[in-house]
Amino acid sequence: MDRVVAVLAGLPPVLVLALVLVLPALESSTLLGLVVPGETAILIGGLVAHTGELPLWAVVVAGTVGACLGDQVGYALGRRYGPRALAHAPGLLRRHADVERARRLVARRGAWAVVVGRWVAVLRVLVPLVAGAGGMPWPSFLWANLAGGLVWATAVALLGYLGTASYHYLERELGIGEWALLAVIAGGVALHVWRRRVRRGRADR
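In this text, all values refer to a predicted model and were calculated from it rather than measured experimentally.

About the criteria used
Residues numbered from 1 in each chain as written. Predicted model: local features only at pLDDT ≥ 70, side-chain atom pairs only at ≥ 80, totals over all residues. Heavy atoms only, no water. Helix = DSSP H or I, 4+ residues; strand = E, 2+ residues; numbered from the N terminus. Contact = heavy atoms within 4.5 Å. Areas by Shrake-Rupley, 256 points an atom, 1.4 Å probe, with all protein chains shown as cover. Core = buried A, V, L, I, M, F, W, Y, C linked by side-chain atoms within 4.5 Å. Buried < 20%, exposed > 50% of the residue type's maximum accessible area, 1.4 Å probe, protein only. Phe/Tyr/Trp six-rings, centres within 6.5 Å; stacked < 30°, edge-to-face > 60°. Axes fitted to C-alpha atoms, helices over the stretch in contact; angles between N-to-C directions. Parallel < 35°, antiparallel > 145°, perpendicular 65-115°, else oblique. Left-handed = near helix turned anticlockwise from the far one by under 90°.

An account of the overall build of the protein is needed here, citing residue identities and associated values.
Scanning the protein from N- to C-terminus turns up 11 helices and zero strands. Element order for the protein, N to C, with α for helix and β for strand: α-α-α-α-α-α-α-α-α-α-α. Within the protein, contacts between residues separated by at least 24 positions form 76% of all contacts whose residues are at least 6 apart in sequence. When the accessible surface of the protein is split by element, carbon and sulfur atoms take 68% of a total near 11300 Å².

Right under this line is the structure:
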């Protein structure tokens, strides 16, 4: 863990901030979030902020601006191209019915769907497109986008910041080494993948 922190802290702070801004901005505007979720960059920003190389507030601001800009572009694409924007969504999304899921969320929650959907990677990509294609008023989308982006970026940055601090505390006070921590993380990931495959198999049947 310390080696990872050292490598990330060695990056130029301007580069880290650029990633924190650009990756969330590309999520909804280019569907890049299906490959590299924007929270990854913000988590790294929070981690680097814990080393003192970046102020935490700068990570939050960059993440908020990037997230809001990306969703505004996604909303504009939905308004401009309407259902065609969704019809040309990648097959991965259509196969798992995520477009319909986003549509139901927007229909049920309205502008709040923009706030709620930000916490799920696939919905974070699709909800702005659906909101624009569905004719959600721009002022309603704007306030929800700003509020959701600020809360989300703050929470994820703090998670990266406090996660690093918690690891150092556990290592120092409880003697938990990085290999034990990596084993726990790997086990959690394996369990998550297995449960997803089981649910997918049930849905296919």
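Picking up where we left off.
Please provide a residue-by-residue account of the nonpolar core, values included.
Counting residues in each nonpolar core, the largest one holds 18 residues, and the members touching the most others are Ala-102, Val-106, Val-114, Val-127, Met-136 and Phe-141. Top contributing element to this core by residue count: helix H9 (residues 121-133), with six residues. When neighbours within four sequence positions are excluded, Val-114 is seen to be in contact with Val-127, Met-136, Phe-141, Ala-144 and Asn-145. Of all hydrophobic cores here, the second largest spans 14 residues; its members include Val-20, Val-60, Ala-62 and Trp-152.

Which residues make up the packing of aromatic side chains, and what values go with them?
Within this structure, the stated rule accounts for two aromatic pairs. The interplanar angle of 20° and the centroid separation of 4.4 Å between the aromatic rings of Tyr-75 and Phe-141 together place this pair among those described as stacked. With Tyr-75 in helix H4 (residues 56-81) and Phe-141 in helix H10 (residues 138-174), this residue pair connects regions lying 66 residues apart in the sequence. Both residues of the pair, Tyr-75 and Phe-141, count as buried. Consider the rings of Trp-112 and Trp-143, whose centres lie 5.4 Å apart with planes at 80°: the pair is edge-to-face. One end of the pair, Trp-112, is in helix H8 (residues 112-117); the other, Trp-143, is in helix H10, and 31 residues separate them in sequence. With relative accessibility at 39%, the residue Trp-143 sits in the partly exposed group.

Give me the lowdown on the packing of H4 against H9, citing residues and values where you can.
Viewed as axis vectors pointing N to C, H4 and H9 meet at an angle of 40°, and their least axial separation amounts to 6 Å. In terms of orientation, H4 and H9 fall into the oblique class. Judged by the sense of rotation from one axis to the other, the crossing of H4 with H9 is right-handed. Two secondary-structure elements touch here, H4 through Asp-71, Gly-74, Tyr-75, Leu-77, Gly-78 and Arg-79 and H9 through Arg-124, Pro-128, Leu-129, Ala-131, Gly-132 and Ala-133.

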